[in-house]
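Observations on the three-dimensional arrangement
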Amino acid sequence: MRYQKRESLKIKLIISIILLIILPITIAAAYSIAALSEKTRKEMRASLESRMTAADLIFENEVRRVHESARIIARDNGLYFAMQFNILSQVAKYGRALKAEKPEIDELIITNGEEILYSSDDAFHNFSAAMIKKVYSEKKAVSGIIAGNDIGILGAAPIFDDSSRCMGVIAIYSSLITNGQILSHISEKLKSTVIIMRGGKIESMADEGKRNVASVKGIRIGAESGFSAESDIYVSKPVKILNKEYYALFREMKGVDGTAAFHLGMAEDSSDLVNSIREIVRNMVLICLGGIIVAVLLTIAAAQYLLNPLNTLIKTLTDISAGNLKRRFEVKKHDEIGVVGAYL
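Rules and cut-offs
Residues numbered from 1 in each chain as written. Predicted model: local features only at pLDDT ≥ 70, side-chain atom pairs only at ≥ 80, totals over all residues. Heavy atoms only, no water. Core = buried A, V, L, I, M, F, W, Y, C linked by side-chain atoms within 4.5 Å. Buried < 20%, exposed > 50% of the residue type's maximum accessible area, 1.4 Å probe, protein only. Helix = DSSP H or I, 4+ residues; strand = E, 2+ residues; numbered from the N terminus. Contact = heavy atoms within 4.5 Å. Salt bridge = Lys/Arg side-chain N within 4 Å of Asp/Glu carboxyl O. Expected span 1.5 Å × (residues − 1). Arc of directions from axis to C-beta. Pairing = 2+ DSSP bridges. Polar contact = N/O pair within 3.5 Å; in protein donor to acceptor, adjacent residues only side chain to side chain. Axes fitted to C-alpha atoms, helices over the stretch in contact; angles between N-to-C directions. Parallel < 35°, antiparallel > 145°, perpendicular 65-115°, else oblique. Left-handed = near helix turned anticlockwise from the far one by under 90°. Patch = residues over 30% accessible without salt bridge, like charges linked within 9 Å, V, L, I, M, F, W, Y side chains within 5 Å. Areas by Shrake-Rupley, 256 points an atom, 1.4 Å probe, with all protein chains shown as cover. Phe/Tyr/Trp six-rings, centres within 6.5 Å; stacked < 30°, edge-to-face > 60°.

Ranked by internal contacts, the top residues of the largest apolar core, which has 49 residues, are Phe59, Ile170, Ile186, Phe262, Leu264 and Met266. In terms of residues, this core owes the most to one element, helix α1 (residues 2–74), which gives 11 residues. Apart from the residues within four sequence positions on either side, Phe262 is in contact with Phe59, Ile145, Ile151, Leu176, Ile196, Met197, Arg251, Glu252 and Met253. Met205, Ile221, Val239 and Ile241 belong to the second-largest nonpolar core, a separate cluster that totals 12 residues.

Okay, the pattern of salt bridges next. One pass over the structure, following the stated rule, counts 8 salt bridges. Arg165 is the salt-bridge partner of Asp161, the closest N and O atoms lying 3.0 Å from each other. Of the charged contacts, one joins Arg198 and Glu203 as a salt bridge, the two residues approaching to 3.4 Å between their closest N and O atoms. A residue is classified by how much of its surface remains accessible, and Arg198, at 23% relative accessible area, is partly exposed.

Moving on, we get to helix α3 (residues 88–101). Over its 14 residues, α3 extends 20 Å from the first C-alpha to the last, a length consistent with the 20 Å expected when each residue adds 1.5 Å. Looking at α3, one finds that the buried residues are Val91, Ala92, Tyr94, Gly95 and Leu98. Each buried residue of α3 sits inside an arc of 160° when the element is viewed along its axis, so together they form one side. Facing away from the buried surface of α3 by more than 90 degrees, the exposed residues are Ser89, Lys93, Ala100 and Glu101.

The subject of this paragraph is the pairing of strand β5 (residues 166–175). In terms of burial, β5 is a largely internal element, 10 of the 10 residues being buried. As paired strands, strand β1 (residues 107–111) and β5 are joined by 5 bridges and run antiparallel to one another. Considered in β5, the bridge of Ile110 is made with Ile170. Direction of pairing for strand β4 (residues 151–160) relative to β5: antiparallel, over a ladder of 9 bridges. Paired with Gly152 across the bridge in β5 is Ser175.

Right, let's talk about helix α2 (residues 77–84) for a bit. Residues Leu79, Tyr80, Ala82 and Met83 constitute the buried set of α2. Of the residues that open α2, the one with a side-chain oxygen 2.8 Å from the backbone nitrogen of Gly78 is Asp76. Asn86, located one to two residues past α2, shows a positive phi value of around 55°.

Next up on the list: the sheet that holds β5. Taken together, the 5 strands give an open sheet; going across it, the order is β2-β1-β5-β4-β3, and neighbouring strands pair in antiparallel fashion. The open sheet is flanked by β2 (116–119) and β3 (142–147), the only strands paired with a single partner. Looking at each pair of strands side by side, their axes are set apart by 20° on average, direction ignored.

This part takes up unusual backbone geometry. Although it is not a glycine, Lys139 adopts a positive phi angle of roughly 55°. Following the sequence through the fold, Lys139 ends up in the loop between α4 (122–138) and β3. With a phi angle near 65°, Ser164 is a residue other than glycine that sits in the positive phi range. Considering the arrangement of structural elements, one finds Ser164 in the loop between β4 and β5.

Two numbers describe how α2 lies on α3: the axes approach to 8 Å, and their chain directions differ by 155°. In terms of orientation, α2 lies roughly antiparallel with respect to α3. The interaxial crossing formed by α2 with α3 has left-handed handedness. Along the contact surface, α2 presents Gly78, Leu79, Ala82 and Met83, while α3 presents Gln90, Val91 and Tyr94.

Another point: a nonpolar patch on the surface. On the surface, Val281, Val285, Leu286 and Leu289 cluster together into a nonpolar patch covering about 320 Å² of accessible area. For Val281, the position within the fold is in helix α6 (residues 270–321).

With that out of the way, let us pick up the pairing of β1. The element β1 is extensively covered by neighbouring structure, given that 5 of its 5 residues are classed as buried. With burial as the criterion, each face of β1 is covered, one bearing Glu107, Ile109 and Thr111 and the other bearing Leu108 and Ile110. Across 3 bridges, β1 lies against β2 in antiparallel orientation. Within β2, the position partnered with Ile110 by the bridge is Tyr118. If you look at the hairpin formed by β1 and β2, you'll find 4 residues sitting between the two strands, and Gly113 has a positive phi there, around 95°.

For the rest of this paragraph, the subject is the packing of aromatic side chains. Taken as a whole, this structure holds 1 aromatic pair when the rule is applied. The interplanar angle of 50° and the centroid separation of 6.2 Å between the aromatic rings of Phe59 and Phe262 together place this pair among those described as tilted. Of this pair, Phe59 sits in helix α1 while Phe262 sits in strand β12 (residues 260–269), and the two are 203 residues apart along the sequence. Residue Phe59 is classed as buried on the basis of its relative accessible area, which comes to 3%.

Residue position: Met266 is located in strand β12. Among the residues examined, Met266 registers a relative accessible area of 0% and is labelled buried. A sequence separation of 214 residues divides Met266 from Met52, and the C-alpha atoms of the two residues are 6.4 Å apart. Those residues in contact with Met266 that lie beyond four places of it in its chain are Leu48, Arg51, Met52, Ala55, Ile186, Leu190, Ser192, Thr193, Val194, Tyr247, Ala248 and Leu249.

Below is the structure:
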């Protein structure tokens with residue numbers, strides 16, 4: 001019975017010391033995992049915000065490029081001559097040649113303010129007519145994002161004669177959906193997944209420079225994902241697109257009329273974050289296991305150090321109780337056990 005009690009005391013001592021060591025390690029590990037996970041999320045958001053800022057600059061440069069292109073074309077001698085003498089065949093010929101020469105121009109319109117002299121796409125004219133009329137009446141070039149049947153960048157400039165009379169308007173348009181070279185360029189340059197969304201639905205998406213329209217168009221990102229159409233900038237919960245989950249940052253992009261044209265999204269595959277967190281957890285688990293092993297070894301050593309003198313004392317008392325009065329306990333310690341041994 002005494003033997004069982006001695007073993008029980010040893011086991012209790014080992015368990016107590018292990019718990020005293022493991023508990024702080026576990027708490028510290030859990031806190032570290034939570035802190036590092038939050039840090040990783042913040043770093044991802046900061047990375048997405050940085051890319052969004054870069055994307056804004058690319059859009060601004062593209063708007064300026066389209067604006068300047070429209071102004072340069074409006075001053076072209078060939079177009080000026082055809083417009084001045086109202087040679088419709090020459091205007092159409094000029095328009096076709098210009099469209100073939102500049103593939104980045106998706107749509108092209110030349111108008112005299114009353115009728116369309118050349119249009120590469122009637123649908124384009126339908127949703128850009130108000131913009132063209134504004135340029136003609138105000139005699140001032142305009143450029144910016146427009147959203148109608150399509151979403152893109154429009155540049156329109158007045159065509160003047162020698163007496164500064166407005167003879168017409170040239171309008172060029174680069175699509176973000178139909179052609180999407182701008183979207184692919186942003187994705188490739190920023191090494192990010194770029195999303196164009198309108199009304200909570202995806203219009204187009206580019207990943208690593210490759211566009212994907214057909215399979216993503218119409219996918220809804222709604223309130224259940226944390227997205228709000230009123231959000232100017234918002235990091236959503238992971239959203240599922242084509243069997244992948246993304247953390248995304250959305251920013252409202254204003255049209256040339258000042259209204260919301262669409263939301264531009266910078267997205268990052270959430271598996272990158274998950275893998276980072278898994279790596280953190282794996283390292284923490286290894287640290288905890290190492291700590292537990294060290295704790296067990298130290299505890300066993302401590303138990304032996306504490307209990308060996310006690311076992312010797314018990315054996316001495318057992319011999320004395322058996323009648324061996326010559327048995328002595330050698331005092332080598334100066335703690336409580338040593339005091340008891342000294343009295344014996």
